Amino acid sequence: MRGMMKTASVRRYLSDLGSGSRLERLAALSLVLIGALSLTTNGQCPPSKSTTNASDSLLLRSFVVPLTVVEEFFPDITSEATSEQNSTAVGNHTNTRSVIYANRDSSKKVTISVDQYESSSEASSAYNQAVEKSRIPGFKPVAVPNVGDEAFAGTVTRGSETHVGLGALAGKLIVGVTLAGYDATPDNITKLGALARKEAVAARTALASGRDH
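Residues numbered from 1 in each chain as written. Predicted model: local features only at pLDDT ≥ 70, side-chain atom pairs only at ≥ 80, totals over all residues. Heavy atoms only, no water.

Caption draft 1: Spotlight on the pairing of strand β3 (residues 93-102). With 10 of its 10 residues buried, β3 lies for the most part within the structure. Judged from the two bridges that link them, strand β1 (residues 57-58) and β3 form a sheet pairing that is parallel. Counterpart to S57 in the pairing with β3 is N95. Pairing of strand β2 (residues 79-84) with β3 involves five bridges; the strand directions are antiparallel. By the bridge assignment, T82 is partnered in β3 with I100. With nine bridges connecting them, β3 and strand β4 (residues 109-117) associate as antiparallel partners. Bridge assignment links A102 to a residue of β4, and that residue is K109. The turn linking β3 back onto β4 is made up of six residues, and S106 within it adopts a positive phi angle of 60°. (Buried < 20%, exposed > 50% of the residue type's maximum accessible area, 1.4 Å probe, protein only. Helix = DSSP H or I, 4+ residues; strand = E, 2+ residues; numbered from the N terminus. Pairing = 2+ DSSP bridges.)

Caption draft 2: Quick peek at the nonpolar core. Grouped together as the largest cluster of nonpolar side chains are 35 residues, with contacts concentrated most on V70, F74, Y101, V110, I112, V114 and L195. Counting only elements with at least two residues in this core, the list comes to α3 (67-73), β3, β4, β6 (150-158), β7 (161-170), β8 (173-180) and α5 (186-208). Among the elements that line this core, the one with the most residues is α5, at nine residues. With residues up to four places along the chain from it excluded, the contact list for V114 reads L59, F63, V64, N95, T96, R97, L173, I174, V175, E199 and A203. (Core = buried A, V, L, I, M, F, W, Y, C linked by side-chain atoms within 4.5 Å. Contact = heavy atoms within 4.5 Å.)

Caption draft 3: Spotlight on the confidence of the model for the protein. For the protein, the average pLDDT comes to 77, and 72% of its residues sit at 70 or higher. Mean pLDDT values over the elements of the protein span from 38, in helix α1 (residues 2-15), up to 98, in α3. For the stretch residues 1-32, pLDDT sits under 50, and the model shows 50 contacts to residues farther than four places along the chain or on other chains. In the predicted structure, residues 34-52 sits below a pLDDT of 50 and forms 52 contacts with residues beyond four places in sequence or in another chain. (pLDDT = per-residue confidence, 0-100.)

Here it is, written out as structure tokens:
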């Protein structure tokens, strides 16, 4: 049943590109692609409108895999650029963290985010909200690997830069991994999925430890 609901959601966003200004639709897509469209050249994410809760806390660093794990899949990534709250988190989240990794000249980036919710139902509602808000022209869905309870992935190109993003529901968490500056090749998408699976395991393990911030 859940698979049928997810398929229906994908069909809806493909058939209905939504309304509103182009900037509003781009902002909506960033919720699914974990801020990919709002990344600037220096690797920072500007705050998202009405998505950051005043009571938010920063999740422990252990919720996001370290640089060494990212390098396993994308060896040209050499440093951690930023680590902060995820300003593009959607729904009634409680704690978040977003980490941006980059290569030497910041022409390529890997962004990993984790958003925590009070319950699995809250997380599921936020996940579905993000999927529904992803209806913008130019977004192309890609085959989703087995990550978490549900997963959603796609690509979009802005100017000469391509973004490939994946969002996954994992119990009380929403995990996201986004590539910027990488082509949407089958190999890169496979590596994106493999990295996302490792991240989902790390985030769930950190949550199970009983500490989040």
